[in-house]
There are 2 protein chains.
Amino acid sequence: MSDVAKAAGVARVTVSRVLSEPDSVAPATRAAVQKAIARLGYVPNLNAGTLASSRSRIVGAIVPTLSNAWFADTMDGLAKVLAKTGYQLLLGQTAYETEAEEKLVDAFIGRRVDALVLTGTSHSKGVRTKLRKAGIPTIECWDLCDDPIDMVVGFSNEAAGEAVAAHLLARGCRRFGFLGADEDRARKRLQGYREAIARSGAGSVVVQSATPPSSIDDGAAGLARLLESEPGLQAVFCSNDTLALGALLECRRRAIAVPRDLAVVGFSDLPVAAACVPPLTTVRIDSRGLGERIGTLLEHRLGRDAPEGARVHDVGFSLAIRDSA
Amino acid sequence: MSDVAKAAGVARVTVSRVLSEPDSVAPATRAAVQKAIARLGYVPNLNAGTLASSRSRIVGAIVPTLSNAWFADTMDGLAKVLAKTGYQLLLGQTAYETEAEEKLVDAFIGRRVDALVLTGTSHSKGVRTKLRKAGIPTIECWDLCDDPIDMVVGFSNEAAGEAVAAHLLARGCRRFGFLGADEDRARKRLQGYREAIARSGAGSVVVQSATPPSSIDDGAAGLARLLESEPGLQAVFCSNDTLALGALLECRRRAIAVPRDLAVVGFSDLPVAAACVPPLTTVRIDSRGLGERIGTLLEHRLGRDAPEGARVHDVGFSLAIRDSA
DNA sequence: GTGAAAGCGCTAACAG
DNA sequence: CTGTTAGCGCTTTCAC
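It should be emphasised that the depicted structure is a prediction, and the values quoted were computed from it without experimental measurement.

Undergrad: Explain the overall build of chain A to me, using residue names and the numbers behind them.
TA: Helix and strand counts for chain A stand at 12 helices and 12 strands. Projected onto its principal axes, the C-alpha coordinates of chain A cover approximately 85 × 40 × 30 Å. For chain A, with 325 residues in total, the buried portion stands at 53%. Element-wise, carbon and sulfur atoms account for 50% of the exposed surface of chain A, whose accessible area totals about 13500 Å².

Undergrad: Outline the interface of chain A and chain B, supporting the account with residue identities and numerical values.
TA: Taken together, the contact pairs 46 residues of chain A with 46 residues of chain B. Between chain A and chain B the total buried area reaches about 3800 Å² when both faces are included, carbon and sulfur atoms providing 57% of it. Contact with chain B buries surface across chain A, with N47(A), Q88(A) and R111(A) losing the most and accounting together for 19% of the total. Here chain A and chain B share 0 salt bridges between them.

Undergrad: Hey, could you go over the protein's contact with DNA strand D for me, with residue numbers and the actual values?
TA: Taken together, 23 residues are adjacent to DNA strand D, and R17(A), T29(A), R12(B), S16(B) and Y42(B) come closest. Restricting the count to atoms of DNA strand D within 4 Å of the protein gives a sugar and phosphate share of 57%. In this structure, N45(B) approaches DNA strand D through a main-chain N or O atom, which is 3.1 Å from a phosphate oxygen. Of all the secondary structure elements, the ones that give two or more residues to the surface near DNA strand D are α2 (12-20) and α4 (46-53) of chain A together with α2 (12-20) and α4 (46-53) of chain B. For the surface near DNA strand D, the class distribution of residues is 13 nonpolar, 6 polar and 4 charged.

Undergrad: Can you break down the sheet that holds strand β10 (residues 281-284) of chain A residue by residue, with the values?
TA: Residues and elements named next belong to chain A. The strand order across the open sheet built from 6 strands is β7-β6-β8-β9-β10-β12, with neighbouring strands paired in mixed fashion. Every other strand in the sheet has two partners, leaving β7 (204-210) and β12 (318-320) as the edge strands with one partner each. Going from strand to strand, the sheet's axes swing by 20° on average, the running direction of each strand aside. Relative to β7, strand β6 (residues 175-181) runs parallel, the two being bridged by 7 bridges. Within β7, the position partnered with F176 by the bridge is V205. Helix-sheet contacts for helix α11 (residues 241-253) involve β6, β8 (235-238), β9 (263-268) and β10, and the interaxial angle to β9 is about 155°.

Undergrad: Which residues make up the protein's contact with DNA strand C, and what values do they have?
TA: In the neighbourhood of DNA strand C, 22 residues make up the surrounding shell, with S16(A), Y42(A), T14(B), R17(B) and T29(B) lying closest. Of all atoms in DNA strand C that approach within 4 Å of the protein, 62% are sugar or phosphate atoms. Backbone polar atom of N45(A) to a phosphate oxygen of DNA strand C: 3.0 Å apart, as the coordinates give it. In the model, a base oxygen of DNA strand C is placed 3.4 Å from a nitrogen or oxygen of the A52(B) main chain. Per element, the largest residue contribution to the surface near DNA strand C is 4 residues, and it comes from α4(A). Here the surface near DNA strand C is built from residues that sort into 13 nonpolar, 6 polar and 3 charged.

Undergrad: Requested: an account of the domain arrangement of chain A, with residues and values cited.
TA: Domain boundaries in chain A define domain 1 (2-44), domain 2 (55-155 + 287-315) and domain 3 (157-284). Here the C-alpha centroids of domain 1 of chain A and domain 2 of chain A sit 35 Å apart.

Undergrad: Got a sec to walk through the relation of the copies chain A and chain B? Specific residues and values, please.
TA: Least-squares fitting of chain A to chain B yields an RMSD of 0.1 Å, with the transformation described by 0.0 Å of translation along the axis and a rotation of 180°. Taken together, the rotation and translation describe the operation of a two-fold axis. Relative to the rotation axis, the C-alpha of L90(A) is the closest in chain A, positioned 2.2 Å from it. Both copies share a contact surface, since 100% of the interface residues of chain A are interface residues in chain B too.

Undergrad: Please provide a residue-by-residue account of the nonpolar core, values included.
TA: Grouped together as the largest cluster of nonpolar side chains are 140 residues, with contacts concentrated most on Y193(A), V264(A), L168(B), Y193(B) and V264(B). Residue contacts for Y193(B): discarding those within four places in its chain leaves G161(B), E162(B), V164(B), A165(B), L168(B), F176(B), G177(B), F178(B), V205(B), A235(B), V236(B) and F237(B).

Undergrad: Go over the packing of aromatic side chains, please, and point to the residues and values.
TA: Residues and elements named next belong to chain A. All chains considered together, the criterion is met by 16 aromatic pairs over all chains. Linked through ring pairs, W70, F71, W142, F155 and F267 together constitute an aromatic cluster. A cation over a ring is seen here: R57 above Y87, with NZ or CZ 4.4 Å from the ring centre.

Undergrad: Can you lay out α4(A) for me, pointing to particular residues and giving the numbers?
TA: Near the N-terminus of α4(A), the side chain that reaches the backbone nitrogen of N47(A), with its oxygen 2.8 Å away, is that of N45(A). The first or second residue beyond α4(A) is S54(A), which carries a positive phi of 50°.

Calculation criteria
- Residues numbered from 1 in each chain as written.
- Chains lettered and ligands numbered in written order.
- Predicted model: local features only at pLDDT ≥ 70, side-chain atom pairs only at ≥ 80, totals over all residues.
- Heavy atoms only, no water.
- Helix = DSSP H or I, 4+ residues; strand = E, 2+ residues; numbered from the N terminus.
- Buried < 20%, exposed > 50% of the residue type's maximum accessible area, 1.4 Å probe, protein only.
- Areas by Shrake-Rupley, 256 points an atom, 1.4 Å probe, with all protein chains shown as cover.
- Contact = heavy atoms within 4.5 Å.
- Buried area = accessible area lost by both parts, 1.4 Å probe.
- Salt bridge = Lys/Arg side-chain N within 4 Å of Asp/Glu carboxyl O.
- Near = heavy atom within 4 Å.
- Polar contact = N/O pair within 3.5 Å; in protein donor to acceptor, adjacent residues only side chain to side chain.
- Nonpolar A, V, L, I, M, F, W, Y, C, P; charged D, E, K, R; others polar.
- Pairing = 2+ DSSP bridges.
- Axes fitted to C-alpha atoms, helices over the stretch in contact; angles between N-to-C directions.
- Domains from an automatic or database assignment.
- Least-squares fit on C-alpha atoms with pLDDT ≥ 70 in both.
- Core = buried A, V, L, I, M, F, W, Y, C linked by side-chain atoms within 4.5 Å.
- Phe/Tyr/Trp six-rings, centres within 6.5 Å; stacked < 30°, edge-to-face > 60°.
- Lys NZ or Arg CZ within 6 Å of the ring centre and 35° of its normal.

If you want it as structure tokens, here you go:
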């Protein structure tokens, strides 16, 4: 930077200003500086900037895994929006191990990320206190709760479970199954599903859980086990579309007619859900839109004013009713 | 850090050493420092460390988009391996826009990433020179070439295209189609495919391209157009599984028997490829393994020794022959 | 095994 | 609109 300053015949601050607030510099000076920058191929050291200003223009995000298309899509949407305002995405994966989260949070705080995005709303006490103490804008996502660490943007997993139950109940199903990944949000879906069924007084639920990340094979195997414990199963709600695809596959193998003999419902509405046979009835979540919403919210929050808007943002869900249920 | 040093009755350097090279500090001193760190809840500022040492423990990666499962899987594998050695992943997306890459590279160099991962082997001159000048370990991936910027790990897209052609030719197909995303690697697959068919002297190829990122609908629409220009089409090679899934869907709609009336081949072997109807014949790429391999290579390269191994790493591909071709 | 001094390259705050 | 003066919080020498 000193070299650039010297070449342009100005002070270092001026170079700094041309880079961060070009409008605050006289056009002629600015042009000279920009010319020097180009000529010398100068690339500013952003770490030094971060150290001096304690603003990194980096947003950290923690997801269980990128290999679930729904989280990948959320990150895609988020990164895309952030890029527009010059922010970058630092990514962390927990692989569904809760202890991993706290370490990642430490590392992110250590890097002075300007904001943090977490998946889900259940976090260790350490995570909550560290984040509150650090005062970093934080967004929890893919779920909803009343007392977010800072902000939460997502939808009610319980309500989604209820909506699925209501649909299945209306179709006349009475013997229910749930095939779910063993993780927090899937459990909430089960809770809503189970309670709605219990309230109706009209059925029982057998449950089979699978270790995340979910695979199509897990779905097939899970359905097989469900069928063992409840041969008269009439409907199965899978906590994600991957498991549902596996269940559908197993039905085909066993010549179980879907939805006549067994209704199958998924979750998240992956692109393939509409393309498989039979087309899968599922809970539609706009994963990419969720990420974009998070990005927009952050953009707003990190702006000059920081207006502290609503803490809870419900982006909702809908039922994509197709042929499988 | 000063606080910790004071609390432990040592100098700041000692705290620094406990953090970076614990073994170089006497056990008793180390314990005292660690206690102070825990008691004060001290989180080191990694940016300051980066500034002083010019090592960031961050690896930058640029992909076209995360919403293609194959790239997401590669990033998943990469991030997982890097995390083990305390590295983090800074992610950039180009959305298939070539100009975006250079800006991202600048930003990454500005952050002093310890290494950079790029998708593909065709990059602007600016990117190549900047990277060479910066001397950052760089890995290009998802393709192969003879003169990588630094290292390349992937497979030959041309060879994959040839292998598909050979398989289809052996099945007796003579009227070929190619349905491909409009991007570099897909074009290479087409090239290999086309040349192998030409060499056999046994057929023609009609081509239809789609704007990335690919969708199932693009695949369906693309096949429809291909069928218009060549009603006697016997085989179609799709540059990715998403397009192939769409093609399969369109076949079902039109009651075209696959593979009897039309053979369909995909690329990358997504989990659904084995689960759809009919199961999709495709080129299998171990996307996650690719990312892991990159991670391992980087880990090695960034280690104390930096042994400068091979520059070109061919991870290969294989044909997953199922029912669709 | 431990410490003192000297920056890393930038931005903040204040002058002018 | 531009410059001066101080750091930001670490790690690197090099002594001891």
